[in-house]
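Below are the chains, spelled out letter by letter.
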Amino acid sequence: MTGLVLKLGPRERVLINGVVVENGERRGRINILTPDAKILRLKDAIHPDEATTPVRRVCYLLQLILSGDLTQHDGRKEVLRTIEKLSYAFLDSDSRRILDVSTDHILKDQFYPALKSLRMLLSREARLLGAGAQ
């Protein structure tokens, strides 16, 4: 069997093609067989009011693609432009690797892995912005 396998904790919520699905009382597993299904774990979601920094904004854009609120075509272009801009701020090799991996995922229309990868930059961004405020 191919496709995406979601392993959900008790009461965990996920957005699938615009529909919120909540798991039951026990851990669960869902096999998503449709290759172009739009899926977002709600525990990973960033509220629009929280998209206040460059990395948070790009994560939010990916979230909009995953929820179907932004087309893949339009979203992909904007996300790739933003990642290019981020590459001027994140100069260390590990951050560059994360940006490269995220770009590869986006070019393959693998938006959830791209989101997951970019979220690793959130704490680094917070440190950079905190250091700039001093």
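Whatever comes next refers back to the structure up there.
An account of the accompanying structure is given in this report.

Quick notes on the rules
Residues numbered from 1 in each chain as written. Predicted model: local features only at pLDDT ≥ 70, side-chain atom pairs only at ≥ 80, totals over all residues. Heavy atoms only, no water. Salt bridge = Lys/Arg side-chain N within 4 Å of Asp/Glu carboxyl O. Helix = DSSP H or I, 4+ residues; strand = E, 2+ residues; numbered from the N terminus. Buried < 20%, exposed > 50% of the residue type's maximum accessible area, 1.4 Å probe, protein only. Axes fitted to C-alpha atoms, helices over the stretch in contact; angles between N-to-C directions. Parallel < 35°, antiparallel > 145°, perpendicular 65-115°, else oblique. Left-handed = near helix turned anticlockwise from the far one by under 90°. Contact = heavy atoms within 4.5 Å. Polar contact = N/O pair within 3.5 Å; in protein donor to acceptor, adjacent residues only side chain to side chain. 1 Å grid on protein atoms, 1.4 Å probe; cavity = no way out; pocket = protein on both sides within 12 Å on 5 of 7 lines; lining within 4 Å. Points joined across faces, edges and corners; volume = space filled by probe spheres on them.

Before going further, it helps to examine the pattern of salt bridges. Enumeration over the complete set of coordinates arrives at 10 salt bridges. Between Arg11 and Glu22 there is a salt bridge whose closest N-O contact spans 2.9 Å. Placement of the pair is Arg11 in the loop between β1 (4-8) and β2 (13-16) and Glu22 in strand β3 (residues 19-22), with a sequence separation of 11 residues. Residue classification places Glu22 among the partly exposed positions, given a relative accessible area of 35%. A salt bridge links Arg41 to Glu12; its shortest N-O distance comes to 2.5 Å. With a gap of 29 residues between them, Arg41 in strand β5 (residues 39-41) and Glu12 in the loop between β1 and β2 connect regions that are remote in the sequence.

A few words on the packing of helix α3 (residues 93-107) against helix α4 (residues 111-118). Interaxial distance between α3 and α4 falls to 8 Å at its minimum, and their mutual angle equals 165°. The pairing of α3 with α4 is recorded here as roughly antiparallel in orientation. Crossing geometry of α3 relative to α4 is assigned as left-handed. For the pair α3 and α4, the contacting residues are Ile98, Leu99, Val101, Ser102, His105 and Ile106 in the first and Phe111, Pro113, Ala114, Ser117 and Leu118 in the second.

It is worth spelling out the environment of Glu12 at this point. With a relative accessible area of 13%, Glu12 lands in the buried category. In this structure, the C-alpha to C-alpha distance between Glu12 and Tyr60, residues 48 residues apart in sequence, is 20 Å. The contact partners of Glu12, leaving out residues within four places of it in the chain, are Lys7, Val21, Glu22, Asn23, Arg41 and Lys43. Looking at Glu12, its side chain comes within polar contact range of the main-chain nitrogen of Gly9, at 2.8 Å. Looking at Glu12, its side chain comes within polar contact range of the side chain of Arg41, at 2.5 Å.

Considering only enclosed or pocket space, the largest pocket measures out at about 380 Å³ in volume. For the largest pocket, the lining is made up of 18 residues, of which Leu4, Pro35, Ala37, Asp109 and Gln110 are closest to its centre. Elements with a minimum of two residues in the lining of the largest pocket: α1 (54-67) and α4. Here the element with the most residues in the lining of the largest pocket is α4; it accounts for 3 residues.

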